[in-house]
Amino acid sequence: MSTRTASWLPLSPGERAVALEVLIHGPLSRTELARRLNLSAGSLTRLTKPLLESGLLVEDSAGATGTRQGRPSQPLDVVSDSRYFAGFKITADMVYGVVTTLRSEIVTRYDRPLTTHAPGEVADLLGAMTAELAHTHPGLAGIGIGVGGLVQDRAVVGESPFLSWRDVRLAELVEERTGLPVVVENDVAALVEAETWFGAGRGLDRFVVLTIGAGIGYGLVLGGKRVPCAEEDRGFGRHWIVNPNGPLTPDGERGSAVSLLSIPSIRYQIRAATGRDLTYEEILAGAAGEEPMPARVIDEAARALGTLVAQISNFAMPQKILLAGEGVGLMDVAGELVRETIRAHRHPLADPVPLETKVSDFHDWARGAAVLAIQVLVLGTYEG
């Protein structure tokens, strides 16, 4: 870790609260910051002094406003580009990389094909990608890595079916090759954290992220914080039955969310019925063109998604649900059927839950991993 980054650490609980509030909601005047954190002016001055001296915060003269005494009040803001963070999302055949600022703005994207799942060689690839990124962004302060599967202690991939890994000490392997601190986390958890801090869930007390793609991912935020879940990405959706009479596929129980909604299951249903091995995009296009079998499968998927969203709304009562992942093209073809199904499974007087669809790629997941690195390495706030 660089000397300047180390000078930020460790933050006291009070300093951490100030830095976090400014990072997410800034720039903020001292008056507003003190009000938000219920601090006296003296206490706020004591807490902000070391943050200003270390370079983590700065007085934003451009946003200065007058006080009742006529003196300008300079808002406090984070020095967003004072340090950069690398984030990686590992899939079965690609590694997607980004560099972000301290406020998680993506400044660089860099992807490489993954030709082996051998842990040491994957770590070699991550090390080489980090070296390339550090060449153009010499202020790299840390690395976040998102992996589909069970991650323990932010360091060990306990199980990843996509990579056929068990008990891989990925953080240690990458740290050995880069000399930088590394945080590893379940990829859905990382995405939820990023959206909670800087995206669709910013400022919300109750928020849900639902992802559709190779599998079904789910993240719940209560009280503004993600609820950790022991079974994250270890089969969520495989046992959530949305239609007991639905299809049985190799990856889920009959009529489960995975059997009806995941991209591999949708492709399997078409292949089993027609013998044609179509891509997901081709199936969506066929459904839009009213081809009988694609239309039937996509309609079933739309009803399944509507049922799942309604069930989540009924029990978690979120203020917003973000639908993300590489499978969200379903909404373009069958979004109205999804919404009809949601209404059919909700009380007529229930408040409608905003359903936001995010057309995203794996760089958003990589950004989520970088946010985890920011949380752990700079602010020490992550409790997943």
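Provided above is the structure to which this section pertains.
Please read all numbers here as calculations on a predicted model, not as lab measurements.

On to the pattern of salt bridges, then. Overall, the coordinates contain 21 salt bridges when judged by the stated rule. For the salt bridge of Asp77 with Arg103, the shortest nitrogen-to-oxygen distance reads 2.8 Å. Linking Asp77 in strand E4 (residues 76-78) with Arg103 in the loop between strand E6 (94-100) and strand E7 (106-113), this pair joins segments that are 26 residues apart in sequence. The residue Arg267 makes a salt bridge to Asp277 at a minimum N-O spacing of 3.0 Å. Linking Arg267 in helix H9 (residues 263-274) with Asp277 in the loop between H9 and helix H10 (280-288), this pair joins segments that are ten residues apart in sequence. Judged by its relative accessible area of 26%, Arg267 falls in the partly exposed class. Ionic contacts of the salt-bridge type, sharing partners, join the residues Glu21, Glu32, Arg35 and Arg36 into one network.

For the rest of this paragraph, the subject is the packing of aromatic side chains. Here the distance between the centres and the angle between the planes together describe a pair of aromatic rings. In this structure the tally under the stated criterion is four aromatic pairs. A ring pair is formed by Tyr218 and Trp240, whose centres lie 6.4 Å apart and whose planes are at 70°; its orientation type is edge-to-face. With Tyr218 in strand E14 (residues 216-222) and Trp240 in the loop between strand E15 (225-226) and helix H8 (257-261), the pair connects residues that are 22 residues apart, well separated along the chain. Residue class for Trp240 comes out partly exposed when judged on its relative accessible area of 25%. Summarising the aromatic geometry, the rings of Phe362 and Trp365 are spaced 6.4 Å apart at their centres and angled 55° between planes, so their arrangement reads as tilted. In this pair, Phe362 and Trp365 are both assigned in helix H13 (residues 362-379), three residues apart and thus about one turn of the helix distant. Taken as a pair, Phe362 and Trp365 share a single burial class, namely buried. An aromatic cluster is present here, built from Tyr96, Phe362 and Trp365 joined pairwise through their rings. Taking the ring centre of Trp365 as reference, the NZ or CZ of Lys89 above it sits at 5.0 Å.

Reading the values: the criteria
- Residues numbered from 1 in each chain as written.
- Predicted model: local features only at pLDDT ≥ 70, side-chain atom pairs only at ≥ 80, totals over all residues.
- Heavy atoms only, no water.
- Salt bridge = Lys/Arg side-chain N within 4 Å of Asp/Glu carboxyl O.
- Helix = DSSP H or I, 4+ residues; strand = E, 2+ residues; numbered from the N terminus.
- Buried < 20%, exposed > 50% of the residue type's maximum accessible area, 1.4 Å probe, protein only.
- Phe/Tyr/Trp six-rings, centres within 6.5 Å; stacked < 30°, edge-to-face > 60°.
- Lys NZ or Arg CZ within 6 Å of the ring centre and 35° of its normal.

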